[in-house]
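Remarks on the overall topology
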Amino acid sequence: MKGFFDGVRRHIGNMDAEHLREQYRRLSDEVNSLDALFGTMAQGLIVVDGRGEVSKSNPAARELLGMDPEDALPMLAVPLGKASKREIDVTYPEARRLEIQTMPMGEGTLVCLRDVTAERERTEEELRIGATRAVRDLAAGVAHEIGNPLNALSLNLQLIRRANGDSEEVEECIRQVERLSGIIHGFLQALRPSKPNLVRGSVADPINKCLTTMRPQFEERSVSVTLNLPSALPSVALDPAQMEQVFFNLLKNALEALRDGGSIDISLSSDDNDVITTVRDDGHGMSPEQVAHLFEPYRTSKEHGTGLGLMISARIVRDHGGTISVESEPEKGTAFTIRLPRIERRIRALKG
Ligand code: ADP
Ligand code: MG
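Residues numbered from 1 in each chain as written. Chains lettered and ligands numbered in written order. Predicted model: local features only at pLDDT ≥ 70, side-chain atom pairs only at ≥ 80, totals over all residues. Heavy atoms only, no water.

1. A word on the nonpolar core
Across soluble globular proteins, you tend to see nonpolar side chains buried next to one another. Stated precisely, the cut-off is as follows: Take the buried Ala, Val, Leu, Ile, Met, Phe, Trp, Tyr and Cys residues and link them wherever side-chain atoms come within 4.5 Å; each set so joined is a nonpolar core. Here the term buried applies to any residue with accessible area under 20% of the maximum for its type, exposed to any over 50%, and partly exposed to those in between, with areas from a 1.4 Å probe on protein chains only. Starting at the N terminus, helices and strands are each numbered in turn, a helix being any DSSP run of H or I of at least four residues and a strand any DSSP run of E of at least two.
Formed by 41 residues in total, the largest nonpolar core has its most connected members in L251, I264, F336 and I338. For this core, the element with the highest residue contribution is helix α9 (residues 240-257), accounting for 7 residues. Judged by nonpolar contacts, the second largest core, of 16 residues, contains V48, L76, I88 and I100.

2. Some points on the layout of surface pockets
To keep things clear, this is the line we draw: Here the term cavity refers to a set of points on a 1 Å grid, laid over the protein atoms alone, in which a 1.4 Å probe fits but cannot get out; the term pocket refers to an open set having protein on both sides within 12 Å along at least five of seven lines, with lining residues being those that place an atom within 4 Å of a point. Grid points are joined across faces, edges and corners, and a volume is the space filled by probe spheres set on the points. In this classification, Asp, Glu, Lys and Arg are treated as charged, Ala, Val, Leu, Ile, Met, Phe, Trp, Tyr, Cys and Pro as nonpolar, and every other residue, Gly included, as polar.
Of the pockets and cavities examined, the largest pocket occupies roughly 1600 Å³. Among the elements that line the lining of the largest pocket, the one with the most residues is helix α7 (residues 168-191), at 11 residues. Taken together, the residues of the lining of the largest pocket sort by class into 16 nonpolar, 21 polar and 10 charged.

3. Focus: the side chain of D281
Put simply, the test is: Note that His is not counted, nor are the chain ends; the positive residues are Lys and Arg, and the negative ones are Asp and Glu. For this document, the term salt bridge refers to a Lys or Arg side-chain nitrogen within 4 Å of an Asp or Glu carboxyl oxygen. Side-chain atoms alone can form a polar contact between residues adjacent in sequence; in general such a contact is a pair of N or O atoms within 3.5 Å, and within protein one must be able to donate a hydrogen while the other accepts it. Contacts: residue pairs with any heavy atoms within 4.5 Å of one another.
The topology assignment puts D281 in strand β10 (residues 274-281). Despite its burial, D281 pairs with no opposite charge, the nearest such side chain being R259 at 8.2 Å. A polar contact of 2.8 Å, which involves the side chain of D281, links it to the backbone nitrogen of G283. With residues up to four places along the chain from it excluded, the contact list for D281 reads A254, A257, L258, S263, I264, K332, G333 and T334.

4. Focus on the site of ligand 1
In plain terms, the rule: Nearness here has a simple test: a residue counts as near a molecule or strand if at least one of its heavy atoms is within 4 Å of that partner. Method for areas: the Shrake-Rupley scheme with a 1.4 Å probe, in which residue coverage is limited to the protein chains shown. A molecule is said to be in a cavity or pocket once over half of its atoms fall within 2 Å of that pocket's grid points.
Taken together, 21 residues sit near ligand 1, with N253, T300, S301, K302 and T306 positioned nearest. In the environment of ligand 1, an oxygen atom lies 3.0 Å from a nitrogen or oxygen atom belonging to the backbone of G307. The separation between an oxygen atom of ligand 1 and a polar main-chain atom of G309 is 3.3 Å. Protein coverage of the free-state accessible area of ligand 1, which is 540 Å², stands at 93%. Under a 2 Å grid-point criterion requiring more than half of the atoms, the pocket assigned to ligand 1 is the largest pocket.

5. Comments concerning a nonpolar patch on the surface
To be explicit about the condition: Nonpolar side chains (Val, Leu, Ile, Met, Phe, Trp, Tyr) are joined into patches within 5 Å and like charges within 9 Å, using only residues with over 30% relative accessible area and no salt bridge.
There is a patch of nonpolar side chains on the surface, built from L138, V142 and I146 and spanning about 270 Å² of accessible area. In this structure L138 comes out as exposed when scored by relative accessible area, which is 61%.

6. Observations regarding the packing of helix α8 (residues 204-220) against α9
When two helices pack together, their arrangement is given by the angle between the helix axes and the distance between those axes. Formally: Only C-alpha atoms enter the line fits that serve as axes; for helices the fit covers just the stretch in contact. Angles between N-to-C directions range over 0 to 180 degrees. Note on convention: the crossing is left-handed when the near helix lies turned anticlockwise from the far helix by less than a right angle, right-handed when the turn is clockwise.
Look at α8 against α9: their axes get within 8 Å of each other, and the N-to-C directions meet at 35 degrees. The two elements α8 and α9 cross, and the hand of that crossing is right-handed. Between α8 and α9, the contacting residues are P206, I207, K209, C210, L211, T213, M214, Q217 and F218 on the first element and P240, M243, E244, F247, F248, L251, K252 and L255 on the second. Along the lines of polarity and charge, the residues of the contact of α8 with α9 split into 12 nonpolar, 2 polar and 3 charged.

7. Comments concerning the packing of aromatic side chains
Defined as follows: Here is the rule: rings of Phe, Tyr and Trp (six-membered ring for Trp) pair when centre to centre is within 6.5 Å. Planes less than 30 degrees apart are stacked, more than 60 are edge-to-face, and the remainder are tilted.
Under the definition given, this model contains 1 aromatic pair. Arranged with centres 6.4 Å apart and planes meeting at 75 degrees, the rings of F295 and F336 form a pair that is edge-to-face. With F295 in the loop between α10 (288-292) and α11 (309-319) and F336 in strand β12 (residues 333-341), this pair connects stretches of sequence that are 41 residues apart. The residues F295 and F336 share a single accessibility class, namely buried.

8. Structural notes on the pairing of strand β4 (residues 96-105)
Using the following cut-off: Two strands qualify as a pair provided that DSSP identifies no fewer than 2 bridges between them.
Counting buried positions along β4 gives 7 out of 10 residues, so the element sits mostly inside the fold. Bridge count between strand β3 (residues 83-90) and β4: 7 bridges; the pairing is antiparallel. What sits directly across from V90, in β4, is R96. Between the end of β3 and the start of β4, which pair antiparallel, lie 5 residues.

9. Concerning the pairing of strand β9 (residues 263-270)
Across 5 bridges, strand β7 (residues 224-228) lies against β9 in parallel orientation. Opposite L227, over in β9, you have I266 as the bridge partner. Pairing between β9 and β10: 7 bridges, direction antiparallel. Within β10, the position partnered with S267 by the bridge is T278.

Here is the structure:
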């Protein structure tokens, strides 16, 4: 399509009326077939112009949202002109989970909506039963078995270090063994997620714990971290160890995306329903394509990455009844937002 336009643009000065009519006919055929495609797609599409108004939408968008996309847009609160990805639960016309993706398009934004209810249920179901189970158990068994000798290796390396003092070779072995342990640990967690053990608490606690653990890494890279904590933050029901893992994954990714001297900002707030945590970095950000595949397993851009951190984090947040979303711009940075339901809301929901 672009080639066609470029060609017409280059030669338009030399075209006679007949030629122009021919190009016009081809163009209108093209537009008609694109319109038909737009109209019949199962994926909902909304084109938002530079002023934030809906300039085009397809029937699927209206059907998925259960209302006019123009009325729904303010409620979707999509970031304009940026790549982002998140999931929301809609209750009307029926309860389902929608994935909302945005992509910058010219001056405006393309919003894609997809019904992921069945997909989510299927993933959960596949994790519980099905033909994949035997393979999974085998893989988990092998991973577990590798864990034991790794622990022994690690222990013995520590002993060698203690006996012989620091040496480059031993340090490298320790680093590699730690890396392997990290991979095995992530793999096992992805295969065998444990249900959260929920207690009443504050989101600030696991964040503070993470910050204490990671402080030396931040200092070494001269990365500044700010934590904006409101004076009163509502309680949530959380598994502190699992949420600590989520924040550890987010902060580690942020650190890996930053140049030395970059900054990370963690902000906590609440609304009527949720406690909201945003982890923002001013690192290298992601392309819209990378954002589109985020939270999928084994997607990594790093040489030594596992591509499991975000998938595990998203699952933990979902198991807490919360949502995780992302906004990112290349060269500008990335912001992850986690919403966890306030404990009163959870209790109300359980009673109701
Ligand atoms: P891993 O860190 O092992 O690659 P993750 O699931 O934690 O796996 O992250 C997946 C990918 O998402 C990363 O490889 C990276 O490309 C991208 N990513 C995640 N967080 C950020 C961030 N804060 N800034 C830029 N890219 C990120
Ligand atoms: Mg990671």
